[in-house]
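# Structural overview for review
These are the residues of each chain, in order.
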Amino acid sequence: MEELHRRFPDLARLHVIDLGGLSAFWSGVDPHPRRVTVVNLQPDEPGADWIDCVQADACTSRLAPADLVVSNSLIEHVGGAAQRRALADNVRRLAPRHWVQTPNRYFPIEPHWLFPGFQFLPLRARTEVAFRWKRGHIRAASRQEARTEAAGVELLTARQLRALFPDSEIWRERFAGMTKSIVAVKAS
């Protein structure tokens, strides 16, 4: 959030569209944007009068343009290269500025399951880890659900993110000297 405020010092004056976010995230932001429209497949309730919630697909939603699009840890969940391209195209359509963050594929700990090297395992092994390992924030009640969840997360590299957002700066968020996440930023 500190870097977002640094990149967008006028955030308090902006209408932000958050693709794949939650209203609770914005409720704690200070200073907060003038207006936030949260777009998510799951229903959400606005946590403040300056937040609107829209239940829709972030890749295809046809909202009115805003000043800034923010998307945190969504692009790796949308379902393949064509859907990632659709999301990137929608980000550019919705606002002239953006902040699109995703975990770095090459960070040693996969952030959804908190399991070392999970993203490099074959699907069968990822399915077993997703079913048995209960330390991350994605939990599966069955092997089929575990397989669906494991197959549905495709972490990106900086090169892939740059290909989706060629006019953006790629900022690297670091942890312990390693790139933890990557962000496509277009601040002007």
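Just above sits the structure.
Attention here is on the structure that accompanies the text.

A word on the side chain of Gln 101. Considering the arrangement of structural elements, one finds Gln 101 in strand E5 (residues 97–103). Of note is the side chain of Gln 101, whose polar atom sits 3.4 Å from the side chain of Ser 181. If sequence neighbours within four positions are ignored, Gln 101 has contacts with Ser 71, Asn 72, Ser 73, Leu 74, Ser 181, Ile 182 and Val 183.

Here we come to the packing of aromatic side chains. Applying the stated criterion across every chain, the model contains 6 aromatic pairs. Where Tyr 106 meets Phe 120, the ring centres are 6.1 Å apart and the plane angle is 20 degrees; that geometry is what we call stacked. Note that Tyr 106 is positioned in the loop between E5 and strand E6 (109–110) and Phe 120 in the loop between strand E7 (115–116) and helix H4 (123–132), a separation of 14 residues in sequence. Accessibility expressed as a relative area gives 55% for Tyr 106, which makes it exposed. For the pair Phe 107 and Phe 175, a centre-to-centre distance of 6.4 Å together with 70 degrees between the ring planes defines the contact as edge-to-face. Of this pair, Phe 107 sits in the loop between E5 and E6 while Phe 175 sits in strand E8 (residues 169–175); the two residues are 68 residues apart in sequence, bridging distant segments of the chain. Positioned above the aromatic ring of Phe 131, the side-chain terminus of Lys 134 is 5.4 Å from the ring centre.

We now examine the nonpolar core. By size, the foremost hydrophobic cluster in this structure holds 25 residues, and its most contacted members are Ile 17, Leu 19, Val 69, Leu 87, Val 91, Leu 161 and Phe 165. Breaking this core down by element, the ones donating at least two residues are strand E1 (15–19), helix H3 (81–94), helix H6 (158–164) and strand E9 (178–186). Broken down by element, this core gets its largest block of residues, 4 residues, from H3. Leave out the neighbours within four places in its chain, and Val 91 touches Leu 19, Val 69, His 98, Val 100 and Phe 165. Among the nonpolar cores identified, the runner-up in size contains 16 residues, and Leu 14, Trp 50, Leu 68 and Val 70 belong to it.

The next subject is the sheet that holds E5. The sheet built from 7 strands is open, its strands ordered E3-E2-E1-E4-E5-E9-E8 with mixed pairing. If you trace the sheet from one side to the other, it starts and ends with strand E3 (51–55) and E8, each paired once. With direction set aside, neighbouring strand axes in the sheet form an average angle of 20 degrees. Here E5 pairs with E9 via 6 bridges, running antiparallel. Paired with Pro 103 across the two strands is Ser 181, which belongs to E9. Most of the contacts of H3 go to E1, to which it runs at about 170 degrees, and overall it touches E1, strand E4 (68–72) and E5.

Inspection of the secondary structure assignment puts Asp 18 in strand E1. Despite its burial, Asp 18 remains without a salt bridge, the nearest opposite charge being carried by Arg 35 at 14 Å. At a separation of 2.6 Å, a polar atom in the side chain of Asp 18 contacts the side chain of Trp 26. Once residues lying within four places of it in the same chain are set aside, the contact partners of Asp 18 are Phe 25, Trp 26, Thr 37, Val 38, Val 39, Val 70 and Ser 71.

A separate point is the environment of Ala 58. Looking at the element boundaries, Ala 58 is found in the loop between E3 and E4. Along the backbone, Ala 58 and Gly 20 are 38 residues apart, and their C-alpha atoms lie at a distance of 6.4 Å. In this structure, Ala 58 is in contact with Leu 19, Gly 20, Val 39, Leu 74, Leu 87 and Asn 90, ignoring residues within four places of it in sequence.

On to the environment of Arg 162, then. With respect to the helices, strands and loops of the structure, Arg 162 is situated in helix H6. A relative accessible area of 39% means that Arg 162 is categorised as partly exposed. Sequence separation between Arg 162 and Val 183 is 21 residues; the distance between their C-alpha atoms is 9.4 Å. With residues near it in sequence (within four places) discarded, Arg 162 still touches Ser 168 and Ile 170.

About the criteria used
Residues numbered from 1 in each chain as written. Predicted model: local features only at pLDDT ≥ 70, side-chain atom pairs only at ≥ 80, totals over all residues. Heavy atoms only, no water. Helix = DSSP H or I, 4+ residues; strand = E, 2+ residues; numbered from the N terminus. Polar contact = N/O pair within 3.5 Å; in protein donor to acceptor, adjacent residues only side chain to side chain. Contact = heavy atoms within 4.5 Å. Phe/Tyr/Trp six-rings, centres within 6.5 Å; stacked < 30°, edge-to-face > 60°. Buried < 20%, exposed > 50% of the residue type's maximum accessible area, 1.4 Å probe, protein only. Lys NZ or Arg CZ within 6 Å of the ring centre and 35° of its normal. Core = buried A, V, L, I, M, F, W, Y, C linked by side-chain atoms within 4.5 Å. Pairing = 2+ DSSP bridges. Axes fitted to C-alpha atoms, helices over the stretch in contact; angles between N-to-C directions. Lys, Arg positive; Asp, Glu negative; His and termini not counted. Salt bridge = Lys/Arg side-chain N within 4 Å of Asp/Glu carboxyl O.

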